[in-house]
Amino acid sequence: MSCWITIQDYALRSIGVGARLLPKEDFTLCQQFTLIGSGMIWNIYFGTLALLSGFFLATALALGKNAEHPLLRKTSEWFIFIFRGSPLFIQFFFAYFLFLSLKQVSPIFAPFTAAWLGALVTLFFNTAAYSGEIFYGALRSVPKGDLEAADAYGFSGWKKFRKITWPTMLRLAWPAYTNEAIFLFHATTLVYFSGFPAWRQKGDALYYANYFADKTFNPFIPYPILAGYFILLTLIVVSCFGLMNRRLNRHLPHGLRRKIRLRPNLIR
């Protein structure tokens, strides 16, 4: 079997397209690269959706923790504390058994017992808690001079938050938020160890890497391949967040790198 045929058969297997059965013997590097790369589709799915949806909840949590109303403040504080204080691995198990119990009450909760939705919800709450604490720290660090200038221009309420407070908060929080995004994508590998089952052997990248490690008794090929995929994914995340950071700080002056000039001292 040529490598091109292998790619056609297994490139989209993790989402149900292509060959249904996994290879049983004579494993090639092409098969391992293709199947582990196919599983990365689920890791990207978990990380991207959890990051996008968690961004808005994190902003709400930061505002709630900074609010003067005790109910909003305490609710946000306890939400952040619980999800930051407990391991993500334990959160997966608690979420799975909670959704199983809710499934017995109403069939509407049945999709939450699958990894594509249940694990996504868990990652969503977890990253929202960590990002909310980052945004809260940045919100508290917004310079008072900026807020006073906004008041002087007559900005108040939503306009002041949208034009001054929120952009400044993002600029201050963006480097730390970039690290949270990287950790989130790495944390998607824990879905394999959680209670959420892989439907019809269609798991994430770690599922396929573990499959090849068990079949070949050689973990030094599939796991480095998995690490290479995540390193490439990290470079993409850093590049995208770097572009966004430039966008957020486009109004700030940037230092120009001076060219090196050689001026030999010929005459003393």
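Just so it is clear, the structure is predicted and the values come from calculations on it, not from any experiment.

Chemist: Describe unusual backbone geometry, with residues and values.
Modeler: Notably, D26 is not glycine yet its phi reads approximately 55°, a positive angle. By the element assignment, D26 lies in the loop between α1 (3-10) and α2 (29-65). For D26, a relative accessible area of 65% corresponds to the exposed category. The residue F217 is not glycine, and still its phi comes out positive at about 55°. Counting through the fold element by element, F217 comes out in the loop between α8 (205-216) and α9 (222-248). A residue is classified by how much of its surface remains accessible, and F217, at 73% relative accessible area, is exposed.

Chemist: Let's hear about a nonpolar patch on the surface: which residues, and what values?
Modeler: Taken together, L12, I15, V17 and I41 make up a surface patch of nonpolar side chains, about 300 Å² in accessible area. One can find I41 in helix α2. On the accessibility criterion, I41 (30% relative accessible area) is partly exposed.

Chemist: An account of the side chain of T59 is needed here, citing residue identities and associated values.
Modeler: Tracing the backbone shows T59 in helix α2. Here T59 falls in the buried class, since its relative accessible area comes to 11%. Discounting residues that sit within four places of it in the chain, T59 has contacts with F135, F161, W166 and M169.

Chemist: Could you give an account of α9, with specific residues and numbers?
Modeler: For an α-helix, the turn length of 3.6 residues means that residues three or four places apart are oriented alike. Compared with the 39 Å implied by 1.5 Å per residue over 27 residues, the 39 Å span of α9 between its first and last C-alpha is a close match. Looking at the buried side of α9, the elements it contacts are α2, α7 (157-187) and α8.

Chemist: Break down helix α4 (residues 88-105) for me, citing the residues and quoting the values.
Modeler: Between the first and last C-alpha of α4 there are 26 Å, a value that for 18 residues agrees with the 26 Å anticipated at 1.5 Å per step. Buried within α4 are the following residues: L88, Q91, F92, A95, Y96 and F99. Seen end-on, α4 carries its buried residues on one side only, within an arc spanning 135°. Opposite the buried face of α4, at more than 90 degrees from it, the exposed residues are F94, F97, Q104 and V105. Along its buried surface, α4 packs onto α3 (70-85), α5 (115-140) and α7.

Chemist: Quick one: what's the story with the nonpolar core, residue by residue and with numbers?
Modeler: Among soluble globular proteins, nonpolar side chains are generally buried collectively. One finds L123, F135, F196 and L226 to be the most contacted residues of the largest nonpolar core, which totals 52 residues. When residues of this core are traced back to their parent elements, those giving at least two are α2, α4, α5, α7, α8 and α9. Beyond its immediate stretch of four places on either side in the chain, L226 contacts I36, M40, A205, L206 and A209.

Chemist: Quick one: what's the story with the confidence of the model for the protein chain, residue by residue and with numbers?
Modeler: In the predicted model, the protein chain carries a mean pLDDT of 91, and the fraction of residues at 70 or more is 93%. Confidence, read as mean pLDDT per element, is least for helix α6 (residues 144-152) in the protein chain (90) and greatest for α3 (97).

Chemist: I'd like a description of the packing of α1 against α2, backed by residues and values.
Modeler: Two elements in contact, α1 and α2, have axes whose closest approach is 9 Å; the angle formed by their N-to-C orientations is 25°. In terms of their interaxial angle, α1 and α2 are classed as roughly parallel. The two elements α1 and α2 cross, and the hand of that crossing is right-handed. Contacts from C3, T6, I7 and Y10 in α1 reach C30, Q31, T34, L35 and S38 in α2. Residue composition of the contact of α1 with α2, by class: five nonpolar, four polar and no charged.

Chemist: Report on the packing of α2 against α7, specifying residues and quantitative values.
Modeler: Viewed as axis vectors pointing N to C, α2 and α7 meet at an angle of 140°, and their least axial separation amounts to 11 Å. Note that α2 runs across α7; the crossing there is right-handed. When α2 is examined against α7, the residues N43, I44, G47, T48, A50, L51, F55, T59 and L63 are found in contact with a partner set consisting of F161, W166, M169, L170, W174, Y177, A181, L184 and F185. Partitioning the contact of α2 with α7 into residue classes produces 14 nonpolar, four polar and no charged.

Basis of the calculations
Residues numbered from 1 in each chain as written. Predicted model: local features only at pLDDT ≥ 70, side-chain atom pairs only at ≥ 80, totals over all residues. Heavy atoms only, no water. Helix = DSSP H or I, 4+ residues; strand = E, 2+ residues; numbered from the N terminus. Buried < 20%, exposed > 50% of the residue type's maximum accessible area, 1.4 Å probe, protein only. Patch = residues over 30% accessible without salt bridge, like charges linked within 9 Å, V, L, I, M, F, W, Y side chains within 5 Å. Areas by Shrake-Rupley, 256 points an atom, 1.4 Å probe, with all protein chains shown as cover. Salt bridge = Lys/Arg side-chain N within 4 Å of Asp/Glu carboxyl O. Contact = heavy atoms within 4.5 Å. Expected span 1.5 Å × (residues − 1). Arc of directions from axis to C-beta. Core = buried A, V, L, I, M, F, W, Y, C linked by side-chain atoms within 4.5 Å. pLDDT = per-residue confidence, 0-100. Axes fitted to C-alpha atoms, helices over the stretch in contact; angles between N-to-C directions. Parallel < 35°, antiparallel > 145°, perpendicular 65-115°, else oblique. Left-handed = near helix turned anticlockwise from the far one by under 90°. Nonpolar A, V, L, I, M, F, W, Y, C, P; charged D, E, K, R; others polar.

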